[in-house]
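Geometric and topological summary
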Amino acid sequence: MYDATVTTELRTRPAEVAPPAGAVTWWRTGAGSLPEVRWAVAATALFAAGGAAHLAGAPSWSWWALYLACYAAGGWEPGLAGLRALRDKTLDVDLLMVVAAIGAAAIGQVFDGALLIVIFATSGALEAVATKRTEDSVRGLLNLAPEQATRVTETGAEELVDTAGLQIGEIILVRPGERIGADGEVVAGASDVDQATITGESLPVDKRPGDEVFAGTLNGVGVLRVRVTRPAAGTVIARIVAMVEQAGATKARAQLFIEKVEQRYSVAMVAATIALFTVPLLWGVPLQESLLRAMTFMIVASPCAVVLATMPPLLAAIATAGRNGVLVKSAVVMEQLAAVTQVAFDKTGTLTEGRPYLAEVRVLSGTREGVLALAAAAEEGSEHPLGRAVVQAAREAGLAWPAAESFEAVPGTGVRARVDGKLVEIGSPAALLPPAPPGNRQCSEVAGELEDGLGGWSSVVGELEDGLGGWSSVVGELEDGGHSAVVMRVDGVPVAVLALADRTRPGAGAAVAHLKAVTEAPPVLLTGDNPRAAGRVAAHVGIGDVYAGLLPEHKVTAVRELQEQGARVALVGDGVNDAPALASAHTGIAMGRAGADLALDTADAVITRDELAAVPAVLSLARRARRLVIANLAIAGTFIAVLVGWDLFGELPLPLGVAGHEGSTVIVGLNGLRLLRDAAWRRAATAGLR
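Let me begin by describing the structure that accompanies this report. (Residues numbered from 1 in each chain as written. Predicted model: local features only at pLDDT ≥ 70, side-chain atom pairs only at ≥ 80, totals over all residues. Heavy atoms only, no water.)

**A short note on the overall build of the protein chain**
A tally of regular secondary structure across the protein chain gives 27 helices and 22 strands. Out of the 690 residues in the protein chain, the part that is buried amounts to 49%. Expressed as a percentage of contacts within the protein chain between residues at least 6 apart in sequence, the contacts between residues at least 24 apart total 68%. When the accessible surface of the protein chain is summed, it comes to about 31100 Å², and 59% of that surface belongs to carbon and sulfur atoms. (Helix = DSSP H or I, 4+ residues; strand = E, 2+ residues; numbered from the N terminus. Buried < 20%, exposed > 50% of the residue type's maximum accessible area, 1.4 Å probe, protein only. Contact = heavy atoms within 4.5 Å. Areas by Shrake-Rupley, 256 points an atom, 1.4 Å probe, with all protein chains shown as cover.)

Written as structure tokens, this is what we have:
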């Protein structure tokens, strides 16, 4: 049997609490190690101090000094980058913001300029943090595969070698509890292997000679000899890393269109400002008047109002989602969520809880309670998740059972224990079921065997004589229903078949139905589990389109096929095997409590409370935020157009221009902050259901 203790701890253990000095360590090695973060924090603090001094009526030189220090802290880096871009004949929008801020200070509006600096410094810091977290997680993924493995030489000797140097055809020895060091084929031994990190299968898989195993998966209590079939660079784990990095680069290229728009706007605004300053001078307009008109234009044409028109609704939606168990990592992600047209779910740990439970007990005779108590006594010493499910079911039924006199885990087979003098065996049907009787053998002979074992099996005789096919048909029926079938024998005679399955999350069906109402297409299921188990879960929650038996690269292919059909796909998953698809999807959403670190960092949003109902709710909230953004952009654009037209074709007083500019900022800001109300989430949670 298989020991899943290590895996359970890895997937469910919370982060360790840092010692008192941990905050300092985090600041030096985590997000605080990034210069973008340090300068953004400094700029924000100086801006807040300047605002407090200004409101308190302090001398003007004091708050002017604080605001200018904010300029220096938050603006020097984008300003320097903009000058370097200018040297390469590219006008950077960050440089434009710095120039606009300086222009605002030149005509006395230092607060406006400082606000622009803070907004852009904070945005750059968040982008840097997200990039660092993803890079760290991708590097950490490689730690799943051990650095060293035990290689078996041609003479049979064992030597410890680096897994990076393993060659195709070499044999490695994998002992109980070790992670497998390479992709390969089992050539000797039997064991159960936890493949959840690669395939997403909720239950460990029996491995025997001829079966394929993957680097980074966890061996159970058996000993395996594995022939290497792929070099280190070609393992499934290595391909996952490559696909995540490739998908991230693809997303970055998708931003080129936005950069082109920013470039054109920057060039147009700078050209217009210079023209407004120089052309009037040629007509004899005084220098001060021409400079004032140009600076007024720079203020009223500044995109500050447009930026605030976009950010408050998105940030308010992010805050509201966070209060209700959804961590959305950026405003860009909130925009992406608003555009989702189809949702794809992983199965294990996403639609299901990721741990097995006892779904059914098929007994031969006697009572279910008696069989379950005997099974619990045999499985009490097992670390296998199936064994724990049996014990838990017996406890929930309020049963008591005697202690086992002996216990043995048999790799690749199951468990063997002696309870009240009886030999109880629980394990795979292939190992414990007797072969079908020959055609000439009479059912009475089988009945005699059973009666010699436990006695009183007249009902079994009836089943066999009626042609029901014996226990193999029972096992087949349960497996066809998507269950994992385990046989129980007492003193060598089959007495029951235990059916185990992964429990569907509460509310999964309602969440799927809600998504059908919110998006343009019904959800689909993408899973590495077998088709029968996937079909059972899909039917239970109301999903009709199922892709089963998928490795990580196959999930990426499935997502891309959906996208090629015109869908903007949000993938909801939790495991390492989901990370490439999470990165490739239009938006990745991870389940937070038991999610793998790489999945959490690769995903764009995290469901922190593991409530599937939050998925349709956050999509609805994002759509409402997008509608507010469009409305705010219309308001801000109208104000800018009117004020710019007034300045170009009339005489716009500077105080009125500043008042109009700030007024539009206040209006769009307050409009967007409406999403901070609790009613916004309640409305999103019922959108499309009325």
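**Considering the side chain of R624**
Note on placement: R624 falls in helix α25 (residues 614-649). With residues near it in sequence (within four places) discarded, R624 still touches R674, L675, R677, A680 and R683.

**Notes on the sheet that holds strand β8 (residues 218-219)**
Here 3 strands make up an open sheet; going across it, the order is β6-β5-β8 and the pairing antiparallel. A strand with exactly one partner marks an edge of an open sheet, and here the two such strands are β6 (205-207) and β8. (Pairing = 2+ DSSP bridges.)

**As for the packing of aromatic side chains**
When we look at a pair of aromatic rings, we describe it by the centre distance and by the angle of the planes. A complete count under the given rule lists 6 aromatic pairs for this structure. A ring pair is formed by F47 and F111, whose centres lie 5.4 Å apart and whose planes are at 35°; its orientation type is tilted. Linking F47 in helix α3 (residues 35-55) with F111 in helix α6 (residues 110-141), this pair joins segments that are 64 residues apart in sequence. F111 sits in the partly exposed class, given a relative accessible area of 36%. Measuring from ring centre to ring centre gives 6.2 Å for W63 and Y67, while their planes differ by 70°; the resulting arrangement is edge-to-face. Pair noted here: W63 and Y67 are both in helix α4 (residues 60-87), with a separation of 4 residues, about one helical turn. In this structure, R503 packs its charged tip against the face of Y357, placed 4.1 Å from the ring centre. (Phe/Tyr/Trp six-rings, centres within 6.5 Å; stacked < 30°, edge-to-face > 60°. Lys NZ or Arg CZ within 6 Å of the ring centre and 35° of its normal.)

**Remarks on the sheet that holds strand β18 (residues 524-526)**
Pairing is mixed across the open sheet formed by 7 strands, whose spatial order is β10-β22-β21-β20-β11-β18-β19. Lying at the two open borders of the sheet, with one neighbouring strand each, are β10 (326-328) and β19 (545-547). When the angles between neighbouring strand axes are averaged without regard to direction, this sheet yields 20°. Two strands pair when backbone bridges link them, and β18 and β19 are joined in this way by 3 bridges, in the parallel orientation. The residue bridging V524 from the neighbouring strand is D545, located in β19. The sheet strands contacting helix α12 (residues 331-338) are β10 and β21 (587-591), and the helix crosses β21 at an angle near 100°. (Axes fitted to C-alpha atoms, helices over the stretch in contact; angles between N-to-C directions.)

**Focus on the packing of helix α14 (residues 368-379) against helix α15 (residues 385-396)**
The geometry of a pair of packed helices is captured by two quantities: the angle between their axes and the separation between those axes. Contact pair α14 / α15: the axes reach a minimum separation of 9 Å and the direction vectors enclose 135°. One element, α14, and the other, α15, form an angle in the oblique class. As for the relative orientation of α14 and α15, their crossing is left-handed in sense. Residue-level contacts link L372, A375, A376 and E379 of α14 to G387, V390, V391, A393 and A394 of α15. A per-class count over the contact of α14 with α15 returns 7 nonpolar, 1 polar and 1 charged. (Parallel < 35°, antiparallel > 145°, perpendicular 65-115°, else oblique. Left-handed = near helix turned anticlockwise from the far one by under 90°. Nonpolar A, V, L, I, M, F, W, Y, C, P; charged D, E, K, R; others polar.)

**Here's the deal with the pattern of salt bridges**
Under the criterion given, the structure shown has 10 salt bridges. Between D183 and R230 there is a salt bridge whose closest N-O contact spans 2.8 Å. Linking D183 in the loop between β3 (171-174) and β4 (184-189) with R230 in the loop between β9 (224-228) and α8 (236-253), this pair joins segments that are 47 residues apart in sequence. For R230, a relative accessible area of 24% gives the class partly exposed. Two residues, E212 and R230, come together in a salt bridge whose shortest N-O distance is 3.2 Å. One end of the pair, E212, is in strand β7 (residues 212-213); the other, R230, is in the loop between β9 and α8, with 18 residues separating them in the sequence. A residue is classified by how much of its surface remains accessible, and E212, at 35% relative accessible area, is partly exposed. (Salt bridge = Lys/Arg side-chain N within 4 Å of Asp/Glu carboxyl O.)

**Considering the pairing of strand β15 (residues 422-427)**
Pairing of strand β14 (residues 414-419) with β15 involves 6 bridges; the strand directions are antiparallel. Paired with G414 across the strands is G427, a residue of β15. Relative to strand β16 (residues 484-490), β15 runs antiparallel, the two being bridged by 4 bridges. Bridge pairing in β16 links G427 to V487.

**Describing a nonpolar patch on the surface**
Taken together, V666, L670, L673 and L676 make up a surface patch of nonpolar side chains, about 350 Å² in accessible area. Tracing the backbone through its elements, the reader meets L676 in the loop between α26 (654-672) and α27 (678-685). (Patch = residues over 30% accessible without salt bridge, like charges linked within 9 Å, V, L, I, M, F, W, Y side chains within 5 Å.)

**Some details on unusual backbone geometry**
Here D420, not a glycine, exhibits a phi torsion of approximately 50°, which is positive. As for its position among the elements, D420 is in the loop between β14 and β15. With a relative accessible area of 53%, D420 lands in the exposed category. Positive phi, close to 50°, is recorded for D491, a residue that is not glycine. With respect to the helices and strands, D491 occurs in the loop between β16 and β17 (493-504).

**Topic: α3**
The periodicity of an α-helix, 3.6 residues per turn, causes residues three or four places apart in sequence to face the same way. Relative to the 30 Å expected for 21 residues at 1.5 Å per residue, α3 spans 30 Å between its end C-alpha atoms, a close match to the ideal helical length. Residues of α3 that are buried: V37, A40, A43, F47, G50, G51 and A53. G57 sits one or two residues past α3 and shows a positive phi near 80°. (Expected span 1.5 Å × (residues − 1).)

**Observations concerning the side chain of T320**
Here T320 lies in helix α11 (residues 304-323). Ignoring anything within four residues of it in the chain, the contact list for T320 reads L621, L675, L676, R677 and W681.

**Let's talk about the environment of H384**
Structurally, H384 can be placed in the loop between α14 and α15. Residues H384 and G220, 164 residues apart in the sequence, show an inter-C-alpha distance of 8.9 Å.

**Focus: α15**
Between the first and last C-alpha of α15 there are 16 Å, a value that for 12 residues agrees with the 16 Å anticipated at 1.5 Å per step. For α15, the set of buried residues is P385, L386, G387, A389, V390, V391, A393 and A394. A positive backbone phi angle near 75° is found at G398, which sits one or two residues after α15.

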